[in-house]
Amino acid sequence: MRFKDYFTNDFETEENHYLPELRTRYYRCNLDAAKNAISELIKNEKAVLKDVVDTYNEYFIQGQNYTCIITLTSTRVSETAIDIKITTYKVIPRGLGKKIIERMYKFFDSKLPFKGVSLYRE
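Residues numbered from 1 in each chain as written. Predicted model: local features only at pLDDT ≥ 70, side-chain atom pairs only at ≥ 80, totals over all residues. Heavy atoms only, no water.

A. Highlighting unusual backbone geometry. At arginine 94, a residue that is not glycine, the phi angle is positive and equals roughly 50°. When you line up the elements, arginine 94 lands in the loop between β6 (79-88) and α2 (96-111). Positive phi, normally seen in glycine, also occurs at serine 118, with a value near 50°. Examined against the element boundaries, serine 118 turns out to sit in the segment after β7 (114-117). (Helix = DSSP H or I, 4+ residues; strand = E, 2+ residues; numbered from the N terminus.)

Take a look at the structure:
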């Protein structure tokens, strides 16, 4: 992790992220199973679902110390990618956003059949 990451409030996962923990994760499931996993995650995190954009499969979630956008992408019929963007509410977050993303991915790993990380890098 870079030094400036300890002081940033925004973290986002992507295919080619420089941190391996923040790369897009793929699961062997359809879109509906991933949506159910998000519902369970919201209950587990004691968060509130603020908005759902069905066109882009985006879920806007507000937790106790953060807001989060989870994006689902169905790459195949039985494969779904999950990306997370987090904004924390701390003056000095000390990498809190990264820790929350890791916790969310660990939850998804326990609920969905894991396929791989960053499978479609260029």
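Further notes follow.
B. Seen up close, the nonpolar core. Ranked by size, the top nonpolar core spans 28 residues in total, and within it Ile70, Ile82, Ile84 and Phe108 carry the most contacts. Elements represented by at least two residues in this core include exactly α1 (31-45), β4 (58-62), β5 (66-76), β6 and α2. Those residues in contact with isoleucine 84, other than ones at most four positions away along the chain, are Phe11, Glu12, Thr13, Cys68, Ile69, Ile70, Ile101, Met104, Tyr105 and Phe108. (Core = buried A, V, L, I, M, F, W, Y, C linked by side-chain atoms within 4.5 Å. Buried < 20%, exposed > 50% of the residue type's maximum accessible area, 1.4 Å probe, protein only. Contact = heavy atoms within 4.5 Å.)

Geometric values such as these leave the question of function open.
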